[in-house]
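Listed below, chain by chain, are the residues.
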Amino acid sequence: MQRGYQYLFSFFVLTAALAAPSAMNAAGKPQDNGRQEEHRRDDNDRNRVYDRDHRDYHNWDNNEDRSYRQYLGERHREYRPFVEIKVRDQRAYWNWRHRHPDHDRDGR
């Protein structure tokens, strides 16, 4: 009977050792919580904002802030930080932004 428990214990230890790496990989990825923007910092310590509708990232730098302020001015709205406006308004901005690209940059 002792030998049976030894094999059973070895089976569980081996199963746990094989399953641990895949469980760690599955838990390591951040989940999409359905929000419009996703703010990240890239390797150069710049803010990056994800545009879900157009499936691309935008570096939030001085140029993007200038474009955002131009967008607000055309609509006669007061400045509010982009991260504080409603998701619907963020989506409207990205739609406008894709219709008004910077011709001196990479097309965004």
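Computed from a predicted structure; not experimentally measured.

Q: Break down the pattern of salt bridges for me, with residues and values.
A: Scanning the entire structure with this criterion turns up five salt bridges. Between Glu-74 and Arg-75 there is a salt bridge, with its nearest N and O atoms 3.5 Å apart. For Glu-74, a relative accessible area of 42% translates into the label partly exposed. By relative accessible area, which is 31% here, Arg-75 ends up partly exposed. The shortest N-O distance in the salt bridge between Asp-102 and Arg-97 comes to 2.7 Å. A relative accessible area of 12% means that Asp-102 is categorised as buried.

The rules behind each value
Residues numbered from 1 in each chain as written. Predicted model: local features only at pLDDT ≥ 70, side-chain atom pairs only at ≥ 80, totals over all residues. Heavy atoms only, no water. Salt bridge = Lys/Arg side-chain N within 4 Å of Asp/Glu carboxyl O. Buried < 20%, exposed > 50% of the residue type's maximum accessible area, 1.4 Å probe, protein only.

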